[in-house]
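If you want the building blocks of each chain, they are given just below.
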Amino acid sequence: MKKIYLSLIAVAAIFTSCEKNEVLVDAQSEAAPKAIAFESFSQAATRATENNTADYTWAFFNHHETFEVYGYKNTSADPVFNDDVVTVTSDGAATPTYTYTYSPLRYWDKAATSYQYYAAAPSADDWTFNGVTSVATQNEGYFTTNSTLTGTNLSSASVQDYVESFKAAAAGDVDKLIAAPKTVYKAQFSQTVQLNFIHILSRLNVTVKKAEILKDQTVTIKKLEVHNLLKTGAFDEHTAAAATAGNHSRWTASGDAVTYAAPTDQVVTATVTTANPDPDPQYLIQSLVIPQDAAFESVALDGKAKAASAAVLFTLDEYNAYFGTSLDATAFAALLDAQKTKIPAVVAANEITATSKPYLVITYTIKDPANATATAEEFTAYYNLANAFGLTTGNLAFNEGWQNTLHITLNPDLIQFCAQVSAWSSLEHKLEVK
């Protein structure tokens, strides 16, 4: 298998404009205090350059429908908002209008000079807000949270564009976002509080295409899995002043590993051809990942298999070479597995085992649809994950608000034949008969 390449989407700049929204209406006179209203949007960090969804927007509503908010006046350490839930709804129009509601309504206090706001999404009990104990510490608030992922995959057989939402109602794994702390000064009172949310988890995407050599063949993905990424993490916003590109220091990954798996028996429809050298990618894995490092490990790119158990067995040739024996296949088969288990010191360094660093395994079949009697031929390959992304040392970083996208093109070498006929061997001798 060839031509495996990486598309690493960096964190995009935060937009300065917000979603269109309906401002909360204050039924009192213009002279009365105005109700505090909110609007929000999500960063563009998780959008892929290959996304062709024409109507996609960075609306917060696409990601979640609630967030929790904390807010303080500069004149008091008592919160104006204290874990209040703001609900976002859409009118469903082609160009949607979003409405933000909370209860009871709060009003701007014109005797104050500023307000400080903090928010996290979605609204849930596993957010902990810390740090505000006095007027002097109003600008030091921060969130902590924990996540344990199940490896939820949002792809399906028909999906070739991004599935954008990891909403709590739609996915076992939930996208978590926090807003940049927002200070609103007196001159901005009566305006809508605009909250800019960023993703704090990472994301893994894997796409598959088939090369032109396979354009007339039926190619089916039997297995596509990523193993050994840690599934549990603790987030502490106060660990670093800000999450920047290439940063996952605010997360501590731990616990068991999780397996990210594509749906089985997926026919590869995205095909590279001369007429269409860059077809829309076919996404088979789109999953959230706890921010962490996936370390490079020197393993063979020719697909050394993961051992079925902790035991790694000798082959017949390896056994005879190591022990200086000359067993035949029958005698070797009669040995117990315990007798054929490799001594740890002689386990090949390039074999992927259950304790390897994060790795990818792909199994696919090729079948000629024009030949009804043809048997689908199966191929399997294993790769260290960082190696698959082109690294030869160091770590593949899964950072906050970043996604690592691996584009796989299935491009096997075709077995071809040519033939020639050797010249006759000859003996020539001259005999003179007299």
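Described in the following lines is the structure provided in the data block. Residue numbering note: each chain is counted from 1, following its sequence as written. Per-residue local features of the predicted model are confined to residues with pLDDT of at least 70, and side-chain atom pairs are confined, for both listing and counting, to 80 or more; whole-chain, interface and lining totals are unaffected and use all residues. Only heavy atoms go into the side-chain values, all of them from the structure, while hydrogens and water stay out.

Regarding the pairing of strand 14 (residues 218-236)
Here is step 1 of the chain: Note: strand 9 (residues 142-148) against strand 14, five bridges, orientation antiparallel. Looking at the pairing, Thr 145 lines up with Phe 235 of strand 14.
Here is step 2 of the chain: Strand pairing is assigned whenever DSSP detects at least two bridges linking the two strands. A run of H or I in DSSP becomes a helix once it reaches four residues, and a run of E becomes a strand once it reaches two; helices and strands are each numbered from the N terminus. Across two bridges, the pairing between strand 14 and strand 16 (residues 266-267) is antiparallel. Within strand 16, the residue paired with Ile 221 across the bridge is Gln 266.

Quick word on a nonpolar patch on the surface
Here is step 1 of the chain: Together, Tyr 322, Phe 323 and Ile 343 give the surface a local cluster of nonpolar side chains, amounting to about 270 Å² of exposed area.
Here is step 2 of the chain: With respect to the helices, strands and loops of the structure, Ile 343 is situated in the loop between helix 3 (337-340) and strand 19 (359-367).
Here is step 3 of the chain: Residue exposure (1.4 Å probe, protein chains only): buried if accessible area is under 20% of the type maximum, exposed if over 50%, otherwise partly exposed. On the basis of relative accessibility, which here comes to 38%, the residue Ile 343 falls in the partly exposed class. Surface patches are defined over residues having more than 30% relative accessible area and no salt bridge, joining like charges when they lie within 9 Å and nonpolar side chains (Val, Leu, Ile, Met, Phe, Trp, Tyr) when within 5 Å. Each accessible area is a Shrake-Rupley result for a 1.4 Å probe, and residues are judged covered by the shown protein chains and nothing else. For this document, the term salt bridge refers to a Lys or Arg side-chain nitrogen within 4 Å of an Asp or Glu carboxyl oxygen.

Observations concerning the side chain of Lys 209
Here is step 1 of the chain: Position of Lys 209 among the secondary structure elements: in strand 13 (residues 202-210).
Here is step 2 of the chain: The exposure class of Lys 209 is buried, given its relative accessible area of 5%.
Here is step 3 of the chain: Within polar-contact distance, the side chain of Lys 209 engages the side chain of Asp 278 at 3.2 Å.
Here is step 4 of the chain: In the analysis that follows, any N or O atom pair within 3.5 Å is treated as a polar contact, provided that within protein one partner can donate a hydrogen and the other can accept it, and provided that, for residues neighboring in sequence, both atoms belong to side chains. Polar contacts involving the side chain of Lys 209 include one to the main-chain carbonyl oxygen of Pro 279, which spans 3.2 Å.

Re the nonpolar core
Here is step 1 of the chain: Within the largest apolar cluster, 50 residues are counted, with the highest numbers of intra-cluster contacts made by Ile 221, Leu 224, Leu 385 and Leu 410.
Here is step 2 of the chain: Two residues form a contact once any of their heavy atoms are found within 4.5 Å. In contact with Leu 385, other than residues within four places in its own chain, are Val 226, Leu 229, Ala 294, Pro 358, Tyr 359, Leu 360, Leu 396 and Phe 398.
Here is step 3 of the chain: We define the nonpolar core as a collection of buried residues of types Ala, Val, Leu, Ile, Met, Phe, Trp, Tyr and Cys that are connected through side-chain atoms lying within 4.5 Å of one another. Counting residues in each nonpolar core, the second largest holds 27 residues, with Phe 38, Val 69, Val 80 and Ala 119 among its members.

Section: the packing of aromatic side chains
Here is step 1 of the chain: Only centres within 6.5 Å qualify two rings of Phe, Tyr or Trp (six-membered ring in Trp) as a pair; their planes then separate them into stacked at under 30 degrees, edge-to-face at over 60, and tilted for everything else. A full pass over the atoms with the stated rule returns 26 aromatic pairs.
Here is step 2 of the chain: Ring centres of Phe 67 and Tyr 100 lie 6.4 Å apart, and the angle between their planes is 55°; on these two criteria the pair is classed as tilted. One end of the pair, Phe 67, is in strand 4 (residues 66-73); the other, Tyr 100, is in strand 6 (residues 98-101), and 33 residues separate them in sequence.
Here is step 3 of the chain: Residue Phe 67 is classed as buried on the basis of its relative accessible area, which comes to 0%.
Here is step 4 of the chain: For Tyr 100, a relative accessible area of 1% puts it in the buried group.
Here is step 5 of the chain: Ring geometry for Phe 235 versus Trp 251: centroids 5.3 Å apart, planes at 50°, classification tilted. Placement of the pair is Phe 235 in strand 14 and Trp 251 in strand 15 (residues 251-261), with a sequence separation of 16 residues.
Here is step 6 of the chain: Among the residues examined, Trp 251 registers a relative accessible area of 5% and is labelled buried.

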